[in-house]
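Letter by letter, the chains look like this.
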Amino acid sequence: VVSDEARGYTFTVPDGWVYKEAEFPGANKNPSVPIIKTYVKPDNTAVNVAVVSYAIRPDYEKLGSMGTIEDVAKTVLGKTKFGKDGKVDSEMISQKEEKVGGMPAYIFDYRIQDKRLKTVFAVEKGQFSGTWLVTMTAQAPVSEFKGEVEDSINALIKSFALEKRD
């Protein structure tokens, strides 16, 4: 089980997955103190999960402060032109709001080009102070998103929990 008490989240990594260092671009100069925790499937690093958390303004204490689920979905999919025809090569498969460990989160299942992704998007009050935006994104090539890989990613997303704090 991976736990970050200060940022208030936990999740369970599939057996055998390996921790890899990941540096947030500009982290050494960023006052929001971003942290990335990445775990990869040892025989295929294209199958992985990354959790990113960084400080946000205190007036964004609630998930809805970040926008509606539809607003956040547009951000998750992005506006970048990927396809040969200049269109965005992506699709939202599903989106829902549900509780993760007693706190609300937006959960997205989507595809961008040849990658299948699932993201949990949540806001958490810090243990000592501050508010954190926490996102967990698991991904795999579309061609491999079945069987054990799909089961592992679904278990990762289901295991993600925020600690309810007042």
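None of these values were measured; they are calculated from a predicted model.

Reading the values: the criteria
- Residues numbered from 1 in each chain as written.
- Predicted model: local features only at pLDDT ≥ 70, side-chain atom pairs only at ≥ 80, totals over all residues.
- Heavy atoms only, no water.
- Pairing = 2+ DSSP bridges.
- Helix = DSSP H or I, 4+ residues; strand = E, 2+ residues; numbered from the N terminus.
- Buried < 20%, exposed > 50% of the residue type's maximum accessible area, 1.4 Å probe, protein only.
- Polar contact = N/O pair within 3.5 Å; in protein donor to acceptor, adjacent residues only side chain to side chain.
- 1 Å grid on protein atoms, 1.4 Å probe; cavity = no way out; pocket = protein on both sides within 12 Å on 5 of 7 lines; lining within 4 Å.
- Points joined across faces, edges and corners; volume = space filled by probe spheres on them.
- Nonpolar A, V, L, I, M, F, W, Y, C, P; charged D, E, K, R; others polar.

A. Focus on the sheet that holds strand β1 (residues 2-4). With respect to topology, three strands assemble into an open sheet ordered β1-β2-β10, the strand pairing being antiparallel. At either end of the open sheet lies a strand with only one pairing partner, and these are β1 and β10 (161-162). Across three bridges, β1 lies against strand β2 (residues 9-11) in antiparallel orientation. Bridge pairing in β2 links D4 to Y9.

B. Geometry of the side chain of N48. As for its placement among the helices and strands, N48 is situated in strand β5 (residues 44-56). The buried category is assigned to N48, whose relative accessible area is 10%. Within the local environment of N48, its side chain forms a polar contact with the backbone oxygen of T45, the two atoms lying 2.9 Å apart.

C. Spatial organisation of the layout of surface pockets. Within this model, the largest pocket holds a volume of roughly 250 Å³. Residue lining of the largest pocket: A50, V52, Y54, T75, V76, Y110, I112, T119, F121, L133, T135 and T137, and that is the complete set. Sorting the residues of the lining of the largest pocket by element identifies β5, α1 (69-77), β7 (103-112), β8 (115-125) and β9 (131-141) as the ones contributing at least two each. Across the lining of the largest pocket, the residue classes tally to eight nonpolar, four polar and no charged.

Note that every value here comes from positions in space, so none of it alone points to a role or purpose.
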